[in-house]
Amino acid sequence: MRRALVVGGANGIGLTLATLLAEDERFERIYIVDRAAIAKEHDNPKFEYRAFDLRSEDYSLFDTFADIDTLIITAGFGRLSHFADIDEQHIVDSFAVNSTAVIRIIHHFSARLRATDDFYCAVMGSIAGFMSSPLFAVYGATKAALKIFIESLNVELEMCGTTNRVLNISPGSIKGTAFYNGANDISATRPLAEQIVTHLWAKDDLFIPLYDEVFREVLQRYHDDFRAEGRHSYEYKMQSGRIK
């Protein structure tokens, strides 16, 4: 029987992914590590919850999950705002949770990734990590760091002869999560979670949801003129009503 660890699995897409894995009869236990508790209405007999703040110094907790073969990291946060309007602690915490924590956790499982046995790993990145994202400058910078880390690590994995890879999931805005202070809606996030799981089992290294429908053109515009696309992104966000 298989076991998985979902870091950030108490909310949003992480919760939906944990729920999907719990529905898979091959899995007997889903460890969930999160600062937030799992709401009673979303709890599952297969879930085993561990409270942990990713801003902590001691990451030895992650050495206790030696029995897993699936690692999914979805924890992260961001705030749409002009850079001048955020405080310095937000910058520190953003990199600690969105970037450094992910790299540290994966480091604890580096031997499993390099092994010949199957080990499945996915990280929630963002399309903001692929281009300038005005009003999301710090968040985008944290996700850009992950993008380069994952790409670099995957080459190392390929060159050492393993088929294991880290999947970079890089969506745009996801509806049905608490990211923008909304409520968790598993029915809304389930189609995306099902796509993610398909790419995870295939050991793909990149999944950009709605790539053909939306982001192929966006990324091409960014490549052609990153300044103009940045201005377009700024105006779009300003008109979205999400700026606090």
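Scroll up to find the structure.
Remember, predicted model here, so these are calculated numbers, not experimental data.

Go over the overall build of the protein chain with me, naming the residues and quoting the values.
Of the regular secondary structure elements, the protein chain holds 7 helices and 7 strands. The secondary structure elements of the protein chain, listed N-terminal to C-terminal, are β-α-β-β-β-α-α-β-α-β-α-β-α-α. If you line up the protein chain on its principal axes, its C-alpha atoms span 50 × 45 × 35 Å. Out of the 244 residues in the protein chain, the part that is buried amounts to 48%. Considering only contacts in the protein chain between residues 6 or more positions apart, those separated by 24 or more positions represent 69%. Looking at the protein chain as shown, the accessible area adds up to about 12300 Å², and 52% of this sits on carbon and sulfur atoms. The protein chain carries 26 positive and 34 negative side-chain charges, and their two centres are separated by 1 Å.

Please provide a residue-by-residue account of empty space enclosed by the protein, values included.
Tallied over the entire structure, the rule returns 1 cavity of 30 Å³ or more. Counted as a void, the largest cavity has a volume near 50 Å³. Along its surface, the largest cavity is lined by Gly78, Arg79, Ser81, Phe83, Ile86, His90, Leu135, Phe136, Ala137, Val138 and Tyr139. Per element, the largest residue contribution to the lining of the largest cavity is 3 residues, and it comes from helix α4 (residues 137-159).

Any details on the sheet that holds strand β5 (residues 120-124)? Residues and values, ideally.
Taken in spatial order, the 7 strands of this open sheet run β3-β2-β1-β4-β5-β6-β7, and their pairing is parallel. Every other strand in the sheet has two partners, leaving β3 (47-51) and β7 (206-207) as the edge strands with one partner each. Direction of pairing for strand β4 (residues 70-73) relative to β5: parallel, over a ladder of 4 bridges. From the neighbouring strand, Thr70 faces β5, where its bridge partner is Tyr120. Those strands touched by α4 are β5 and β6 (166-169), and its axis lies near 155 degrees from that of β6. Each of β1 (2-7), β2 (27-34), β4, β5, β6 and β7 touches helix α5 (residues 186-201); the most contacted strand, β5, lies at about 135 degrees to it.

Describe the environment of Ile196, with residues and values.
One can find Ile196 in helix α5. Residue classification places Ile196 among the buried positions, given a relative accessible area of 1%. Separated by 12 residues in sequence, Ile196 and Ile208 place their C-alpha atoms 9.6 Å apart. The residues touching Ile196, leaving out its near neighbours within four places in the chain, are Ile13, Leu17, Met124, Leu167, Ile169 and Phe207.

Cut-off values and rules
- The written sequence of each chain sets the order in which its residues are numbered from 1.
- Two thresholds apply to this predicted model, a pLDDT of at least 70 for residue-level local features and 80 or more for giving and counting side-chain atom pairs, whereas whole-chain, interface and lining totals are computed over all residues.
- The side-chain values count all of the structure's non-hydrogen atoms but skip hydrogen atoms and water molecules.
- Numbering of helices and strands runs from the N terminus; a helix is a DSSP stretch of H or I covering at least four residues, while a strand is a stretch of E covering at least two.
- Exposure is judged per residue with a 1.4 Å probe applied to protein chains only, and the accessible area is read against the type maximum: over 50% gives exposed, under 20% gives buried, and values in between give partly exposed.
- In what follows, a contact means two residues having at least one pair of non-hydrogen atoms within 4.5 Å.
- Accessible surface is estimated by sampling points in the Shrake-Rupley manner with a 1.4 Å probe; for residues, cover comes only from the protein chains shown.
- Positive residues here are Lys and Arg, negative ones are Asp and Glu, while His and the chain termini are left out of the count.
- Charge positions are represented by NZ for Lys, CZ for Arg, CG for Asp and CD for Glu.
- Only protein atoms enter the 1 Å grid, on which a cavity is a set of points fitting a 1.4 Å probe that cannot get out and a pocket is an open set with protein on both sides within 12 Å along at least 5 of 7 lines, lining residues being those with an atom within 4 Å of a point.
- Grid points are joined across faces, edges and corners, and a volume is the space filled by probe spheres set on the points.
- A strand pair is defined by DSSP finding two or more bridges across the two strands.
- Orientation is described by axes fitted as lines to C-alpha atoms, over the contacting stretch for helices, and by angles from 0 to 180 degrees between their N-to-C directions.

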